[in-house]
Amino acid sequence: MENIELQREIKRLLKEKNGILLAHNYQRDEIQEIADCTGDSLGLSIEAAETNCDVIVFCGVHFMAESASILSPDKTVILPRFDAGCPMADMISADILVDKKRENPEAAVVTYVNSSADVKAESDICCTSANAIRVVNSVKSDTVLMTPDKNLAKYVSKFTEKKVFWWEGYCPTHDRLKAQEALEVKAKYPNALFVAHPECRPDVLELADHICSTSGMYEYAKKTDNEEFIIGTEMGILYRLRKDNPKKKFILASKSLVCPNMKLTTLKSVLNAIVEMKNVVSVPERTRIPAKEALDRMLAVPRDQVLME
Ligand code: 13P
Ligand code: SF4
């Protein structure tokens, strides 16, 4: 089947099953094209919880489908490729986190949403790449343990008086962008603004004109008058950046900024999963409830101090 036929059939089945298709900003173009909603992982899950669909087809990676299930336990959440995981989320387990908490009882645990439901359940509060600074500043404790991303933690530590320490996890995709390559692209496009995701290495972030989450990049590109941007995050984001800003030029900072897990999902895998209603992700109540509490605490943090969005 051609892409157009696959897309038509997916749409037809979604309608029949009262389902919606959510696509993370890093998904393939042809999937973003037919998504009811594109966005960052938590934004999509919140949106899905607010609609009265029966089925959520989450085109992303495993922890994202878990978040959707945590927030929408009565809906059927399908992850088209069950093997689409996140290597960074897998760099820490709940057991290890329990040991760390025992060693550091004074620390509040702030966990990036790019983590398993088990790890969220052992955390005091969650954060996203968009609200991490404000979440860390909101906790009562003077000491904060951030998991699993060391690069996000190092970045946040510059904007807080709190003592921040971290788990040594990282995103292998963002890690592939090295400062030398960023410098070379900047030299080639001297008029371009360099926008980087906080999952990038600290020496790469030092070269950036602006640091923000994926959703923040859409806003920044739209509101900034500049015509050229160098993008320091996964290539999937280019689809909407170019669509929303047809007169502006977007240059990927490195060809290596491709997340293989995000690219596992294809139109065929989406169609198969819907036809067979397979690859259902659900989180057991004993995990779901504490994980939801960590997410709810994050959502309750006032938006008074927005530094990265
Ligand atoms: P955001 O979309 O929340 O910025 O996260 C980036 C990411 O790496 C998702 O896998
Ligand atoms: Fe995980 Fe990085 Fe891929 Fe996002 S881009 S899913 S953090 S490996």
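Computed from a prediction, not measured in an experiment: that's the story for all the values here.

Peer 1: Describe in detail the packing of helix 3 (residues 41-50) against helix 4 (residues 62-71), supporting the description with residues and values.
Peer 2: For the pair helix 3 and helix 4, interaxial distance at closest approach is 9 Å and the crossing angle is 30°. By crossing handedness, the relation of helix 3 to helix 4 is classed as right-handed. When helix 3 is examined against helix 4, the residues Ser41, Ser45, Ile46 and Ala49 are found in contact with a partner set consisting of Phe63, Met64, Ser67, Ala68 and Leu71. Residues belonging to the contact of helix 3 with helix 4 are distributed by class as follows: six nonpolar, three polar and no charged.

Peer 1: Describe the site of ligand 2, naming the residues involved and giving the relevant values.
Peer 2: Close to ligand 2 lie Tyr26, Val61, Cys86, Pro87, Met88, Asn114, Cys171, Glu199, Cys259 and Met262. The pocket occupied by ligand 2, as judged from atoms lying within 2 Å of grid points, is the second largest pocket. Here the residues of the shell around ligand 2 sort into eight nonpolar, one polar and one charged.

Peer 1: Before we move on, can you summarise the pairing of strand 5 (residues 107-112) with the specific residues and values?
Peer 2: Within strand 5, six of the six residues are buried, which leaves the element mostly enclosed by the surrounding structure. Going residue by residue along strand 5, you find Ala107, Val109 and Thr111 tucked away on one face and Ala108, Val110 and Tyr112 tucked away on the opposite face as well. In terms of strand pairing, strand 5 meets strand 7 (residues 143-147) through five bridges, oriented parallel. Looking at the pairing, Val109 lines up with Leu145 of strand 7. The sheet contact formed by strand 5 and strand 6 (residues 125-127) spans three bridges and is parallel. Looking at strand 6, one finds that Val110 is bridged to Ile125.

Peer 1: Please set out the sheet that holds strand 7 residue by residue, giving values where relevant.
Peer 2: Strand order in the open sheet formed by four strands is 6-5-7-8, and the pairing between neighbours is parallel. Of all the strands in the sheet, the pair left with one neighbour each is strand 6 and strand 8 (163-166). Within the sheet, the average angular offset between the axes of one strand and its neighbour, ignoring direction, is 30°.

Peer 1: Tell me about the environment of Asp118, and name the residues and values.
Peer 2: Structurally, the position occupied by Asp118 is in helix 6 (residues 117-121). Relative accessible area serves as the criterion here: at 43%, Asp118 is assigned to the partly exposed category. C-alpha of Asp118 to C-alpha of Arg12: the two residues are 106 residues apart in sequence and 35 Å apart in space. Excluding residues that lie within four positions of it along the chain, Asp118 makes contacts with Ala94 and Thr287.

Rules behind the numbers
Residues numbered from 1 in each chain as written. Chains lettered and ligands numbered in written order. Predicted model: local features only at pLDDT ≥ 70, side-chain atom pairs only at ≥ 80, totals over all residues. Heavy atoms only, no water. Axes fitted to C-alpha atoms, helices over the stretch in contact; angles between N-to-C directions. Helix = DSSP H or I, 4+ residues; strand = E, 2+ residues; numbered from the N terminus. Left-handed = near helix turned anticlockwise from the far one by under 90°. Contact = heavy atoms within 4.5 Å. Nonpolar A, V, L, I, M, F, W, Y, C, P; charged D, E, K, R; others polar. Near = heavy atom within 4 Å. 1 Å grid on protein atoms, 1.4 Å probe; cavity = no way out; pocket = protein on both sides within 12 Å on 5 of 7 lines; lining within 4 Å. Sits in = over half its atoms within 2 Å of the grid points. Buried < 20%, exposed > 50% of the residue type's maximum accessible area, 1.4 Å probe, protein only. Pairing = 2+ DSSP bridges.

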